[in-house]
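Inside the fold
One-letter residues, chain by chain:
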Amino acid sequence: MNLDYGILSKRIKRHIIAPSHEFFAATSPGVERLCLAELSGPILGIKDAEAVEGGVGFTGKVHDGYRANLHLRTANRILMRLGQVKATNFRQLARKLNEIPWELYIPSSILLDVTVRTQECRLHHTDAVAACFHESIHERMGAPMAVASPAEARSRETGIFVRGRQDFFRISIDSSGSLLYKRGLKRHGGRAPLRETLGAAILMLAGYDGRQRLIDPMCGSGTFAYEAAMISRRIPAGWFRSFAFMDWPCFRSQRWQDIRRKAEKEFVSNDRPGIWSADTDPEAVRAVANSLSDTTLAGSVQVLQKDFFDWEPSELTECLLGGADLEPREGLVVLNPPYGRRLGEGKQSQKLIAEILEKLAADFHGWRFAVLSPNQQLPGRIGLPHTKHPLFHGGLKLTLLVGRVPE
């Protein structure tokens, strides 16, 4: 179709910018309630959010979707619902898709990625359904839409998600682009690195709000250090990255800058480090230190090569706060010890978890702890008061142990 951009702009304002829309913040299993708390909290203030399996649904203006992308620490991506159609054959599906005003949602000449899942649908061939969407959008837009390949950068594509169930197809557009655990900070990887969204969830479950000392003595790629530093500085999770919605026809740069300026007013500066990130692997320590040095978070974190089992809380006070005469103060010890392929046999992992808990009980009186453990490999008896939280990482079922070491 031929587009009159003056008319198109008015339609976008009337149909996209002005009304409210349904959104869905997709999360990892077990994290839905944390994401709900973020959406309902004082920063975002979404009043009608509801946690369901796999994420949180909420209603808001299109700029609320922008804000969710910027601030949410536990969401994997933010989808905006475009609607739902019923179809039992491809001719019917094509006719209904042609009625969707794609030009209001999708920029021309951009990569297009359609992801389809079906359940109990007569149109169960997902590739054929995806092809039908491509043809419909091409016909409506009057210009060819490039098909994204897995090797191409995800930041310059429009993602359409289609969920078919009993012949009803729910259609959503991805506002995030790259998954939200990609904060735009790290320049390095690691062996089985912990995703930032899960790292943030663990810190929340442990009660960390940025005002306590935090020690990550098995830091690996440094996920906890990055997340804790942003939380302590009140820097939004998406501050350092871009999003797919920035290519949407409805995107207004001035409104986005206003959202960022409001967030920036809440930033706080740390006059001395309160986060200690360490590992026995010198390459891991070097990678984390070098990566942090290129960011504004460097002053919040000290990175050291050290074995957790050699630590004493009094040493931490001296290293972190720069004063040997200061009294030790409690904080949070958060550990993601090696397990699975990184350690080998289940018995080895179970033994390491037991040793960690013994070390905490012996030397970290009054400290809170959060220890991530393989689900079936917990020690037979855990001698510290704790709660258990089931989590998932890389397809593995894990258990997070959270508690406080008695004084």
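So, here is what we can say about the structure in this document. (Residues numbered from 1 in each chain as written. Predicted model: local features only at pLDDT ≥ 70, side-chain atom pairs only at ≥ 80, totals over all residues. Heavy atoms only, no water.)

**Description of the overall build of the protein**
To keep it simple, the criterion reads: Secondary structure elements are taken from DSSP: a helix is a run of H or I of four residues or more, a strand is a run of E of two residues or more, and numbering for both begins at the N terminus. Here the term buried applies to any residue with accessible area under 20% of the maximum for its type, exposed to any over 50%, and partly exposed to those in between, with areas from a 1.4 Å probe on protein chains only. Any two residues having at least one pair of non-hydrogen atoms within 4.5 Å are treated as being in contact.
Scanning the protein for helices and strands turns up eleven helices and 15 strands. Relative to its 407 residues, the protein shows a buried fraction of 51%. In the protein, of all internal contacts separated by at least 6 residues, the share reaching a separation of at least 24 is 76%.

**Points about the environment of Pro-29**
With respect to the secondary-structure elements, Pro-29 resides in the loop between strand S1 (21-26) and helix H2 (32-40). In this structure the C-alpha to C-alpha distance between Pro-29 and Glu-53, which are 24 residues apart in sequence, comes to 7.3 Å.

**Thoughts on the nonpolar core**
Worth spelling out the cut-off: Among buried residues, the Ala, Val, Leu, Ile, Met, Phe, Trp, Tyr and Cys ones that are joined through side-chain atoms within 4.5 Å form a nonpolar core.
One finds Leu-39, Trp-102, Ile-160 and Ile-202 to be the most contacted residues of the largest nonpolar core, which totals 94 residues. Looking at this core element by element, the count peaks at seven residues for helix H7 (residues 223-233). Leave out the neighbours within four places in its chain, and Trp-102 touches Leu-82, Leu-97, Phe-133, Ser-136, Ile-137, Arg-140, Met-141, Ile-160 and Ile-171. By size, the runner-up hydrophobic cluster in this structure holds 21 residues, among which are Phe-308, Val-333, Ile-353 and Leu-357.

**Here's the deal with H7**
For H7, the tally of buried residues reaches eleven of eleven residues, placing the bulk of the element in the interior. Of the positions making up H7, those classed as buried are Thr-223, Phe-224, Ala-225, Tyr-226, Glu-227, Ala-228, Ala-229, Met-230, Ile-231, Ser-232 and Arg-233. Elements in contact with the buried residues of H7: helix H6 (196-205), strand S9 (213-216), strand S10 (275-279), helix H9 (282-293), strand S11 (301-305) and strand S12 (331-335). Backbone geometry just downstream of H7 places Arg-234 in the positive-phi region, at approximately 60°.

**Digging into the layout of surface pockets**
Where we set the bar: The pocket and cavity definitions rest on a 1 Å grid over protein atoms only: a 1.4 Å probe that fits but cannot leave marks a cavity, an open set with protein on both sides within 12 Å along at least five of seven lines marks a pocket, and residues lining either have an atom within 4 Å of a point. Grid points are joined across faces, edges and corners, and a volume is the space filled by probe spheres set on the points. Gly is put with the polar residues, along with every residue not named as nonpolar or charged; the nonpolar set is Ala, Val, Leu, Ile, Met, Phe, Trp, Tyr, Cys and Pro, and the charged set is Asp, Glu, Lys and Arg.
Here the largest pocket defines a volume of roughly 830 Å³. If you trace the largest pocket, you find 24 residues lining it, with Pro-42, Ile-43, His-71, Arg-73 and Arg-234 closest to the centre. Listed by contribution, the elements that provide at least two residues to the lining of the largest pocket are H2, helix H3 (62-71) and helix H8 (253-264). Broken down by element, the residue count for the lining of the largest pocket peaks at five residues, all from H8. By residue class, the composition of the lining of the largest pocket is twelve nonpolar, three polar and nine charged.

**Brief notes about a positive patch on the surface**
Put simply, the rule reads: Residues form patches when they are more than 30% accessible in relative terms and have no salt bridge. Like charges link within 9 Å. Nonpolar side chains (Val, Leu, Ile, Met, Phe, Trp, Tyr) link within 5 Å. Here the Shrake-Rupley method, with its probe set to 1.4 Å, supplies the accessible areas, and only the displayed protein chains count as covering residues. Salt-bridge detection follows one rule: a side-chain nitrogen of Lys or Arg within 4 Å of a carboxyl oxygen of Asp or Glu. Only four residue types enter the charge count, namely Lys and Arg as positive and Asp and Glu as negative; His and the chain termini do not. Charge coordinates come from a single atom per side chain, which is NZ of Lys, CZ of Arg, CG of Asp or CD of Glu.
A surface patch of positive charge is lined by Arg-117, Arg-163, Arg-165 and Arg-170. Relative to the helices and strands, Arg-163 resides in strand S7 (residues 157-165). Under the relative-accessibility criterion, Arg-163 is labelled partly exposed at 32%.

**Looking at the packing of helix H4 (residues 90-97) against helix H5 (residues 126-141)**
What counts, and what does not: Whenever a helix is involved, its axis is fitted only over the stretch in contact; in every case the axis is a line through C-alpha atoms, and angles between N-to-C directions fall within 0 to 180 degrees. Two helices that cross are described as forming a left-handed crossing if the nearer one is turned anticlockwise from the farther one by less than a right angle, and a right-handed crossing if clockwise.
Two elements in contact, H4 and H5, have axes whose closest approach is 9 Å; the angle formed by their N-to-C orientations is 35°. Crossing hand, H4 versus H5: right-handed. Counting all contacts with H4, which are made through Phe-90, Leu-93, Ala-94 and Leu-97, the residues of H5 involved are Ala-128, Val-129, Cys-132, Phe-133 and Ser-136. Residues of the contact of H4 with H5, tallied by class, amount to eight nonpolar, one polar and no charged.

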